[in-house]
Amino acid sequence: MLMFLFLVVALAVVVAAVTLAVVGGGESAVLPEVAPERLQDVLPPDRPVGRGDVESLHFPVAARGYRMSDVDDALTRLGAELAERDARIANLESALAGAQAAPRVTLDKPDEGHEQ
């Protein structure tokens, strides 16, 4: 019986201490208000977005926010598609530059009045 009484008193003390810490803090509250975490825009404003930019972009976690794995999967896919697009553009630009640099072949007709 003595042990039960001790546990009840200990429980009451803990509940009172927690209540005072959370509610009774006044201006010097134990749990001060925290500004919500905001996304720092790390995407470059002066150049096109590349795969590395997308891979380094991470959204802040919120209590009622998004599912991190879904957004991370979408960003991974977006980064891969950007890399494929950039590689395709580079290949096409290289082929175009090679075609423009190739010497032009012209077929000259031999002069009929000129003897060989």
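Residues numbered from 1 in each chain as written. Predicted model: local features only at pLDDT ≥ 70, side-chain atom pairs only at ≥ 80, totals over all residues. Heavy atoms only, no water.

I tried to follow the overall build of the protein on my own but got confused; where do I start?
Broken down by element type, the protein carries three helices and zero strands. The helix and strand sequence of the protein, counted from the amino end, reads α-α-α. Of all 116 residues assigned to the protein, the portion counted as buried reaches 9%. Pairs at least 24 apart in sequence give 30% of the contacts found in the protein among residues at least 6 apart. Roughly 10,800 Å² of accessible area belongs to the protein as shown, and the carbon and sulfur atoms make up 61% of that amount. (Helix = DSSP H or I, 4+ residues; strand = E, 2+ residues; numbered from the N terminus. Buried < 20%, exposed > 50% of the residue type's maximum accessible area, 1.4 Å probe, protein only. Contact = heavy atoms within 4.5 Å. Areas by Shrake-Rupley, 256 points an atom, 1.4 Å probe, with all protein chains shown as cover.)

Could you clarify how one ought to interpret the environment of Ala-83 in this entry?
Relative to the helices and strands, Ala-83 is located in helix H3 (residues 68-101). Taking the C-alpha atoms as reference, Ala-83 lies 7.4 Å from Gly-50; in sequence the two are 33 residues apart.

Which parts of the structure should I look at to understand the nonpolar core?
Nonpolar side chains in soluble globular proteins tend to be buried together. Val-54, Leu-57, Val-71, Leu-75 and Leu-82 together form the largest nonpolar core, which totals five residues. Broken down by element, the residue count for this core peaks at three residues, all from H3. Among residues more than four places away in sequence, those in contact with Val-54 are Val-49, Leu-75, Leu-78, Gly-79 and Leu-82. (Core = buried A, V, L, I, M, F, W, Y, C linked by side-chain atoms within 4.5 Å.)

Got a minute to help me understand the environment of Leu-43 in this structure?
Along the polypeptide, Leu-43 turns up in the loop between helix H1 (2-23) and helix H2 (51-55). By relative accessible area, Leu-43 is classed as partly exposed at 30%. Here the alpha-carbon distance between Leu-43 and Ser-56, two residues 13 residues apart in the chain, equals 9.0 Å. Excluding residues within four positions of it along the chain, Leu-43 makes contact with Val-49, Asp-53 and Leu-57.

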